[in-house]
Amino acid sequence: MAIGIFDSGLGGLTVYGAVADYLPDLPVVYFADSAHTPYGVRDADDIYRLTCASVERMWEEGVDLAVLACNTASAAALRRMQENWVPRDKRVLGVFVPLIEALTERNWGDNSPPREVTVKHVALFATPATVASRAFQRELAFRAIGVDVEAQPCGGVVDAIEDGDEMLAEALVRSHVEALKRRMPHPQAAILGCTHYPLMQDVFQEALGADVDVYSQASLVAESLSDYLKRHPDKAGAGTETKFLTTGDPRTVTNKATQFLRRKIEFQAA
Ligand code: DGL
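Okay, so let's go over this structure. (Residues numbered from 1 in each chain as written. Predicted model: local features only at pLDDT ≥ 70, side-chain atom pairs only at ≥ 80, totals over all residues. Heavy atoms only, no water.)

1. Remarks on the site of the ligand
Close to the ligand lie 14 residues; Ser-8, Tyr-39, Gly-40, Asn-71 and Thr-72 are nearest. Here Gly-40 contributes a backbone N or O atom positioned 2.7 Å from an oxygen atom of the ligand. For the ligand, whose free accessible area comes to 300 Å², the fraction covered by protein is 99%. Residues of the shell around the ligand, tallied by class, amount to five nonpolar, eight polar and one charged. (Near = heavy atom within 4 Å. Polar contact = N/O pair within 3.5 Å; in protein donor to acceptor, adjacent residues only side chain to side chain. Areas by Shrake-Rupley, 256 points an atom, 1.4 Å probe, with all protein chains shown as cover. Nonpolar A, V, L, I, M, F, W, Y, C, P; charged D, E, K, R; others polar.)

Have a look at this one:
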């Protein structure tokens, strides 16, 4: 059995790392569309087309369940894929819902009507495409009422992380947090709505202040995936091998990935 984890590049490795810790026996096909990263500056049609092509490739590896470990694809393409594209015997899941369930104190898969929740002021940090989609606010409105969300498009951060330029990434994070705080001086919670951002979690936390709860996705997605597979054991596909596929140059991506996750990750050409 194997499940698929998709990202435009390396960011989804934060989700892969948490899944591998949580479900060590589960084979994973990781797909990085490195040739087309970043997705965060593309339009929705482009993101839809690229995400479908990548997921299609994962089906060929014996995957029946693909997790879009990319907020940008989850925000801009997932709903359209689920409505028009995903074959009946396959599933594609995104990364917003587990996060919103945690923020709104719900159990996995609780679809009861929206209700008042403790948190009232939420800062969302994400790519420009994710912010423009308003998918986070839409999913939140299904589950909670009276929550004020202020979203900050964090241009440049993904490129700086993919290029391994930590100083630039840090400076950009600080300036994005400052920009958000001018509009929402006292957020109670902050959502790191991009799978690259957990690498900068300490910088976000420091710039926001210790009293802000910072939610990052990797472990939440791993826990909800484990719960999903218990409820739908038939969705762990036929693949038996963990492998890392990329549309980019495998050598370059392998080097960057190993640096990114601080363990050896060997990519092969998709
Ligand atoms: N890491 C992805 C996300 O979670 C997208 C980064 C990008 O390709 O812009 O949004």
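Anyway, onward from the coordinates.
2. Here's the deal with the sheet that holds strand 8 (residues 148–153)
Spatially, 8-6-9-10 is the arrangement adopted by the four strands of the open sheet, whose pairing is parallel. Two strands close off the open sheet at either side, each with one partner strand: strand 8 and strand 10 (213–215). Between one strand axis and the next, the sheet turns through 20° on average, direction left out of account. Alignment of strand 9 (residues 189–192) against strand 10, held across three bridges, turns out to be parallel. Its bridge partner being in strand 10, Ala-190 is matched across the sheet by Val-214. (Pairing = 2+ DSSP bridges. Helix = DSSP H or I, 4+ residues; strand = E, 2+ residues; numbered from the N terminus. Axes fitted to C-alpha atoms, helices over the stretch in contact; angles between N-to-C directions.)

3. Thoughts on a negative patch on the surface
Residues Asp-159, Asp-163, Asp-165 and Glu-166 make up a contiguous surface patch of negative charge. Its location among the elements puts Asp-159 in helix 8 (residues 157–162). Taking relative accessible area as the criterion, Asp-159 reaches 37% and is therefore assigned partly exposed. (Patch = residues over 30% accessible without salt bridge, like charges linked within 9 Å, V, L, I, M, F, W, Y side chains within 5 Å. Salt bridge = Lys/Arg side-chain N within 4 Å of Asp/Glu carboxyl O. Lys, Arg positive; Asp, Glu negative; His and termini not counted. Charge placed at Lys NZ, Arg CZ, Asp CG, Glu CD. Buried < 20%, exposed > 50% of the residue type's maximum accessible area, 1.4 Å probe, protein only.)

4. A look at the sheet that holds strand 12 (residues 267–269)
Read across the open sheet, the six strands follow the order 4-3-1-2-11-12; overall the sheet is parallel. Every other strand in the sheet has two partners, leaving strand 4 (91–93) and strand 12 as the edge strands with one partner each. Ignoring strand direction, the axes of neighbouring strands in this sheet form an average angle of 25°. Two strands pair when backbone bridges link them, and strand 1 (residues 3–7) and strand 2 (residues 28–32) are joined in this way by five bridges, in the parallel orientation. Bridge pairing links Ile-5 to Tyr-30 in strand 2. Its contacts with the sheet place helix 2 (residues 44–59) against strand 1, strand 2, strand 3 (65–68), strand 4 and strand 11 (243–246), and it is angled at close to 145° to strand 3. (Contact = heavy atoms within 4.5 Å.)

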